[in-house]
Amino acid sequence: MTSEDRTATGGEPVVRLRGIVKAFGSTTVLDGIDLDVARGEVVCLIGPSGAGKSTLLRCINGLERITGGSIEVGGERLSYDEKHLNGIRSRIGMVFQSFNLFPHMTVRENICVAQREVLGRGAAEARDRAHALLERVGLDHKAEAYPDNLSGGQQQRVAIARALAMDPALMLFDEPTSALDPELVGEVLAVMKDLASEGMTMVVVTHEMRFARDAADRVVLLADGGIAEQGPPENVLLRPSSARGQAFLQEIG
Ligand code: ADP
Ligand code: MG
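Calculation criteria
Residues numbered from 1 in each chain as written. Chains lettered and ligands numbered in written order. Predicted model: local features only at pLDDT ≥ 70, side-chain atom pairs only at ≥ 80, totals over all residues. Heavy atoms only, no water. Phe/Tyr/Trp six-rings, centres within 6.5 Å; stacked < 30°, edge-to-face > 60°. Lys NZ or Arg CZ within 6 Å of the ring centre and 35° of its normal. Salt bridge = Lys/Arg side-chain N within 4 Å of Asp/Glu carboxyl O. Helix = DSSP H or I, 4+ residues; strand = E, 2+ residues; numbered from the N terminus. Buried < 20%, exposed > 50% of the residue type's maximum accessible area, 1.4 Å probe, protein only. Pairing = 2+ DSSP bridges. pLDDT = per-residue confidence, 0-100. Contact = heavy atoms within 4.5 Å. Near = heavy atom within 4 Å. Polar contact = N/O pair within 3.5 Å; in protein donor to acceptor, adjacent residues only side chain to side chain. Areas by Shrake-Rupley, 256 points an atom, 1.4 Å probe, with all protein chains shown as cover. Nonpolar A, V, L, I, M, F, W, Y, C, P; charged D, E, K, R; others polar. UniProt positions renumbered as here; feature names shortened; annotations may be inferred. 1 Å grid on protein atoms, 1.4 Å probe; cavity = no way out; pocket = protein on both sides within 12 Å on 5 of 7 lines; lining within 4 Å. Points joined across faces, edges and corners; volume = space filled by probe spheres on them. Expected span 1.5 Å × (residues − 1). Arc of directions from axis to C-beta.

*Asks:* Tell me about the packing of aromatic side chains, and name the residues and values.
*Replies:* Following the criterion strictly, the structure yields zero aromatic pairs and no others. Sitting over the face of the ring of F102, R162 holds its NZ or CZ atom 5.2 Å from the ring centroid.

In structure tokens, the structure reads:
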């Protein structure tokens with residue numbers, strides 16, 4: 001994707017959600033979500049625990065099967081055909097609260113394996129890309145280290161580099177700093193802010209209101225199965241118009 005593509009206005013949204021319903025048994029967690037994410041847009045998804053934030057992200061990359069509605073990623077309708085699903089997933093990077101690096105592989109191997117196996121890149125190309133991405137997250141000196149020997153913040157930066165190695169059209173983050181010691185949160189948020197400013201399309205579930213305020217183009221508050229409120233961060237985070245938004249801000253203090 002060129003920077004011109006990323007800054008282009010209009011055109012296909014990267015993600016288009018229409019009427020998303022997701023139920024687990026008799027419990028409806030998401031009850032009719034409509035959401036578009038434009039190319040280059042950074043959307044922060046906030047809301048109380050249990051609101052369905054993780055479920056929504058998992059629906060976008062097909063880890064959860066929706067009960068109703070439709071999902072398009074890059075203009076392509078998501079279906080649960082395995083081949084199609086693998087294609088869509090290879091274009092969506094996902095970073096979780098737990099870093100999920102392969103413990104028996106070095107940092108560099110962690111970043112190379114899917115490039116080779118999913119994208120079919122040659123060893124040299126995958127290695128070059130791994131080093132470039134490690135440099136970008138400030139960890140090229142750890143290329144030969146094993147995950148266990150890295151701090152949580154470093155592991156999460158490697159996880160981000162690993163996701164970026166697939167040249168994703170979209171990055172999903174699910175509370176990427178929640179498992180970190182407080183002193184390690186900043187280094188991960190800094191990498192995410194860089195990505196955002198470079199034009200990556202991102203959906204970020206976070207409790208870091210400061211990050212949301214600084215990096216989000218739009219904040220979406222999910223509550224009671226729906227979007228309670230959305231808009232620019234200064235509106236949603238500082239002067240919410242909905243009762244639900246005001247209550248949530250009170251809760252998080
Ligand atoms: P959040 O990320 O906003 O905290 P989640 O998406 O994790 O919320 O969960 C939303 C609701 O869906 C919760 O009530 C949770 O218990 C329920 N839920 C999530 N995953 C499952 C599952 N696999 N089976 C049954 N219930 C689930
Ligand atoms: Mg969650």
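*Asks:* How would you explain the pattern of salt bridges if you had to name every residue and give the values?
*Replies:* With the rule as written, the count across this model stands at 17 salt bridges. The closest approach of N and O atoms between R16 and E72, which form a salt bridge, is 3.4 Å. Highlighted residues: R16 in strand β1 (residues 15–24) and E72 in strand β4 (residues 68–73), separated in sequence by 56 residues. A relative accessible area of 24% places R16 in the partly exposed class. Looking at E72, the relative accessible area reads 22%, which means it is partly exposed. Between R108 and E144 there is a salt bridge; the shortest N-O distance is 3.0 Å. You can see R108 sitting in helix α4 (residues 107–117) and its partner E144 sitting in the loop between α5 (123–136) and α6 (152–164), a full 36 residues away along the chain.

*Asks:* Break down the pairing of strand β9 (residues 218–223) for me, with residues and values.
*Replies:* Within β9, six of the six residues are buried, leaving the element largely enclosed by the surrounding structure. Residues R218, V220 and L222 line one face of β9 and the alternating positions V219, L221 and A223 line the opposite face, and both faces are buried. Pairing geometry for strand β3 (residues 42–46) and β9, over four bridges, is parallel. Bridging from a neighbouring strand, L45 pairs with V220 of β9. Taken together, the five bridges between β9 and strand β10 (residues 226–231) define a ladder with antiparallel strand orientation. Following the sheet pairing, L222 is matched in β10 by I227.

*Asks:* Account for the confidence of the model for the chain, with residues named and values stated.
*Replies:* Mean pLDDT over the chain stands at 94; residues scoring 70 or higher make up 96%. Considering only residues more than four positions removed or in separate chains, one finds that residues 1–8, a stretch of pLDDT under 50, has nine contacts.

*Asks:* Please set out the site of ligand 1 residue by residue, giving values where relevant.
*Replies:* If you check the shell around ligand 1, you find F24, V29, P48, S49, G50, A51, G52, K53, S54 and T55 and nothing else. Contact between ligand 1 and G50: an oxygen atom at 2.7 Å from a main-chain N or O atom of the residue. In this structure, A51 approaches ligand 1 through a main-chain N or O atom, which is 3.2 Å from an oxygen atom. For ligand 1, whose free accessible area comes to 560 Å², the fraction covered by protein is 55%. Element by element, the count of residues in the shell around ligand 1 is highest for helix α2 (residues 53–60), at three residues. Across the shell around ligand 1, the residue classes tally to four nonpolar, five polar and one charged.

*Asks:* Hey, could you go over the UniProt feature "domain: ABC transporter" (unreviewed entry) in the chain for me, with residue numbers and the actual values?
*Replies:* In the UniProt entry, the feature "domain: ABC transporter" (unreviewed entry) is given for residues 15–249. Taken as a whole, residues 15–249 contains 38% helix and 25% strand, while its terminal C-alpha atoms sit 27 Å from one another.

*Asks:* Provide a residue-level description of the layout of surface pockets, including the pertinent values.
*Replies:* To find the voids left in a structure, one rolls a probe of water-molecule size over its atoms. In this model, the largest pocket occupies a volume close to 630 Å³. Looking at the largest pocket, it is lined by 23 residues, and the ones nearest its centre are I92, M94, A114, R162 and M166. Here the residues of the lining of the largest pocket sort into 13 nonpolar, seven polar and three charged.

*Asks:* With reference to specific residues and values, describe the environment of L56.
*Replies:* Structurally, the position occupied by L56 is in helix α2. For L56, a relative accessible area of 2% corresponds to the buried category. Distance in space between the C-alpha atoms of L56 and K22 is 8.4 Å, their sequence separation being 34 residues.

*Asks:* Can you break down α5 residue by residue, with the values?
*Replies:* With 14 residues, α5 should reach 20 Å at 1.5 Å per residue; the first-to-last C-alpha distance of 20 Å fits that figure. Along α5, the residues that are buried comprise A126, A130, L133 and L134. Viewed end-on, α5 has its buried residues packed into an arc of 100 degrees, placing them on one side of the element. Turned more than 90 degrees away from the buried face of α5, the exposed residues are D128 and E135. Phi for G138, located one or two positions after α5, is positive at around 75 degrees.

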